[in-house]
Structure formats: structure tokens, C-alpha cells
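# Structural overview
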Amino acid sequence: MGYTSMFDERLIFLDVEGEELKELFEEIAKRLQQQGFVNEQYVEGLLAREQAFPTGLITQYLNIGLPHSEPAYVEKPFIAIVRLKNEVKMKQMGDSQEMQVKDLFFLGIKEPKEQVGLLQSLMALFMDEGFVKAFIETQEVQAIYQLVTQYTK
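Computed from a prediction, not measured in an experiment: that's the story for all the values here.

## Quick word on the environment of Gln-115
- For Gln-115, the location among the structural elements is in helix α3 (residues 115-126).
- Along the backbone, Gln-115 and Tyr-3 are 112 residues apart, and their C-alpha atoms lie at a distance of 11 Å.
- Once residues within four sequence positions are removed from consideration, Gln-115 is found in contact with Arg-49, His-68 and Ile-109.

## Let's talk about the UniProt feature "domain: PTS EIIA type-2" (unreviewed entry) in the protein chain
- UniProt feature "domain: PTS EIIA type-2" (unreviewed entry): in the numbering of this structure it lies at residues 5-151.
- In this annotation, residues 5-151 is assigned 39% helix and 28% strand; the end-to-end C-alpha distance for the span is 12 Å.

## What to know about the sheet that holds strand β3 (residues 63-65)
- Pairing is mixed in the open sheet, where five strands are placed in the order β1-β4-β5-β3-β2. Either end of the sheet is taken by a strand with one partner, and the two such strands are β1 (7-16) and β2 (56-58). Ignoring which end each strand starts from, the neighbouring axes of this sheet average 25 degrees apart.
- With 10 bridges joining them, strand β4 (residues 78-91) and strand β5 (residues 98-108) adopt antiparallel strand pairing. Along β5, the bridge assignment pairs Arg-83 with Asp-103.

## Observations regarding the environment of Gly-94
- Secondary-structure assignment places Gly-94 in the loop between β4 and β5.
- Relative accessible area serves as the criterion here: at 82%, Gly-94 is assigned to the exposed category.
- Spatially, the C-alpha atoms of Gly-94 and Thr-55 are 8.4 Å apart, while their sequence positions differ by 39 residues.

## Concerning the side chain of Thr-55
- Here Thr-55 is to be found in the loop between α2 (42-52) and β2.
- By relative accessible area, Thr-55 is classed as buried at 1%.
- In this structure the side chain of Thr-55 is engaged in a polar contact, spanning 2.6 Å, whose partner is the side chain of Glu-50.
- Residues in contact with Thr-55, not counting those within four places in the same chain, are Glu-50, Ile-64, Gly-65, Leu-66, Pro-67, His-68, Met-90, Lys-91 and Met-93.

Conventions we followed
- Residues numbered from 1 in each chain as written.
- Predicted model: local features only at pLDDT ≥ 70, side-chain atom pairs only at ≥ 80, totals over all residues.
- Heavy atoms only, no water.
- Helix = DSSP H or I, 4+ residues; strand = E, 2+ residues; numbered from the N terminus.
- Contact = heavy atoms within 4.5 Å.
- UniProt positions renumbered as here; feature names shortened; annotations may be inferred.
- Pairing = 2+ DSSP bridges.
- Axes fitted to C-alpha atoms, helices over the stretch in contact; angles between N-to-C directions.
- Buried < 20%, exposed > 50% of the residue type's maximum accessible area, 1.4 Å probe, protein only.
- Polar contact = N/O pair within 3.5 Å; in protein donor to acceptor, adjacent residues only side chain to side chain.

Rendered as C-alpha cells:
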């Protein structure tokens, strides 16, 4: 399956305020729910999932967050890109060490079997120095959308 169709320009949020992860999750959940991508339990699903299985990822070029919830809280598949004004604390996947992130990709997965493939695709993206450099430098929604859809398999 190609993941390009999961990106939507309406789901690219830049300069988002958020001092704490919970506050950030609530804000993004509200925006996603308003557009019909998630249901009202989504924020609880995000918080529970993050508590049990942290989704922060330190890569060679960029620290990112890949928050996601159980499929029951997702109405339509999506990948929402969120860039914060300031970094927020998150825990790293695997070892739960604290880390700082400014860029998050919220994943809305309807089919559990697609999760591994999507995560692998995104990991490859963040291991690509050219993509990461362009992603960090790009400041406009349309340009970020074009960049991620161009690079995503």
C-alpha cells in the first residue's frame, strides 16, 4: 500500500503551541475531530498508547514523535504533521528515555496490519538526510505537503 494518500494539506499544523504533551495531544485531537478524522475518544487513546508504548524517535538527523492510538478511535486513515513553536518532552520508543521533539507525525491507522509498514516507511524517510534537511528548512504548508508526498513510498 502507498502511504502518500494518508497525507492531507489540511492536516499540516505549523507553529503549534504546547508546553506539555497532554495539552498538545488535546489540541491536535480537537483539530482532527473537527475534520472528521477521529472520534471523541481519540485523545484518551493517544494518551493511553503513549503511556504504555512511547512513540518518540531519535534519528541521526531529527528527533520526532510518532503518536498514534488504537484503530477504534480513527474514522479515516491520516498522517497529520505538527511542528511546534517550542520543543516538548516525550519518551523515546523502546527505552522510555526523555527526549525533546519539535516535529510530530500523528498516525491515524485503521488497519492494524498496516502499522508496521507505515512506521518502516516513515523511519526510512527520517533516515534520508536530503529529506530531513529539506523538511526542517520548509516553512509553508503547501511545500511541506509536496515534500512528504514526493518522498513517501
